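# Chain and residue survey
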Amino acid sequence: MRVEEAKRKLSATLPGLKGVAKEEKFEHDLEDPEQRFEEREIRKIADHLYGLIYSIEYLQKPIRFSGKIVKRPDGRYEIEQTEEFFISGSPIEIWKESEEIYERTRIEHDGTDYFAVGIKQPLAGLQARCR
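Conventions adopted
- Residues numbered from 1 in each chain as written.
- Predicted model: local features only at pLDDT ≥ 70, side-chain atom pairs only at ≥ 80, totals over all residues.
- Heavy atoms only, no water.
- Pairing = 2+ DSSP bridges.
- Helix = DSSP H or I, 4+ residues; strand = E, 2+ residues; numbered from the N terminus.
- Axes fitted to C-alpha atoms, helices over the stretch in contact; angles between N-to-C directions.
- Polar contact = N/O pair within 3.5 Å; in protein donor to acceptor, adjacent residues only side chain to side chain.
- Contact = heavy atoms within 4.5 Å.
- Core = buried A, V, L, I, M, F, W, Y, C linked by side-chain atoms within 4.5 Å.
- Buried < 20%, exposed > 50% of the residue type's maximum accessible area, 1.4 Å probe, protein only.
- Salt bridge = Lys/Arg side-chain N within 4 Å of Asp/Glu carboxyl O.

Reading across the sheet, the six strands line up as β2-β1-β6-β3-β4-β5 and stay open at both edges, with antiparallel pairing between neighbours. Edge strands, defined here as strands with exactly one partner in the open sheet, are β2 (77-79) and β5 (114-116). Between one strand and the next, the sheet's axes are offset by a mean angle of 40°, whatever the strand orientation. Pairing analysis gives four bridges linking strand β1 (residues 65-71) to strand β6 (residues 127-130), with the strands arranged antiparallel. Note that in β6 the partner of G67 across the bridge is A128.

Now the structure itself:
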């Protein structure tokens, strides 16, 4: 299956996934152990659906900008010439030279400086892109 076809099929599943994930309560017979078990399992599945929905929607977003990360005078980081800076929780894709692929991660702050979760390099100078 081609990547574009997989993306299209995943996108087509979004309405159904959202329909289950948004449910706050699944009605069931509280006296029936099997229904209680099934309700708990469905709740676990619904909780996992949020991550799937986020990932599918993330792939649908266009790449807004890319380039080298630079440190601003205020201590925050941005992709050069964009003036859009990162804060804790900002999603970002960092180019992993060793694997020749972008890796989706997020920016966090350790009390001293910002870093990309799972990337063991300083941010400044890394190639990155944002959707």
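Here the narrative resumes.
Before going further, it helps to spend a moment on the side chain of S90. Here S90 lies in the loop between β2 and β3 (91-96). At 2.9 Å, the side chain of S90 and the backbone oxygen of I87 are in polar contact. Here S90 is in contact with T105, R106 and I107, once residues within four sequence places are set aside.

Below, the discussion takes up the nonpolar core. Counting 15 residues, the largest nonpolar core has I69, I79, F86, I92, I94, I107 and L123 as its most contacted members. If you list the elements that add at least two residues to this core, you get β1, β2, β3, β5 and β6. For I92, the contacting residues outside a window of four places in its chain are I69, F86, E103, R104, T105, R106, I107, A128, R129 and C130. Judged by nonpolar contacts, the second largest core, of six residues, contains L14, L49, I53 and I56.

Right, let's get into the environment of E99. Take E99: it is sitting in the loop between β3 and β4 (101-109). It is 37 Å that separates the C-alpha atoms of E99 and K22, two residues lying 77 residues apart in sequence. Looking at E99, its side chain comes within polar contact range of the side chain of K96, at 3.1 Å.

Moving on, we get to the side chain of T105. Positionally, T105 belongs in strand β4. We classify T105 as buried; its relative accessible area is 11%. Polar side-chain contacts of T105 include one of 2.5 Å to the backbone oxygen of V117. In contact with T105, not counting residues within four places along its chain, are S90, P91, I92, I94, A116, V117 and I119.

As a further point, take the pattern of salt bridges. Counted according to the given criterion, the structure contains 14 salt bridges. The closest approach of N and O atoms between E93 and R129, which form a salt bridge, is 2.3 Å. Placement of the pair is E93 in strand β3 and R129 in strand β6, with a sequence separation of 36 residues. We note that E93, like R129, is buried. K96 serves as the salt-bridge partner of E99, at 3.1 Å between the closest nitrogen and oxygen. According to the relative accessible area criterion, K96 is partly exposed, its value standing at 22%. One salt-bridge network, in which partners are shared between bridges, spans R72, D74 and E78.

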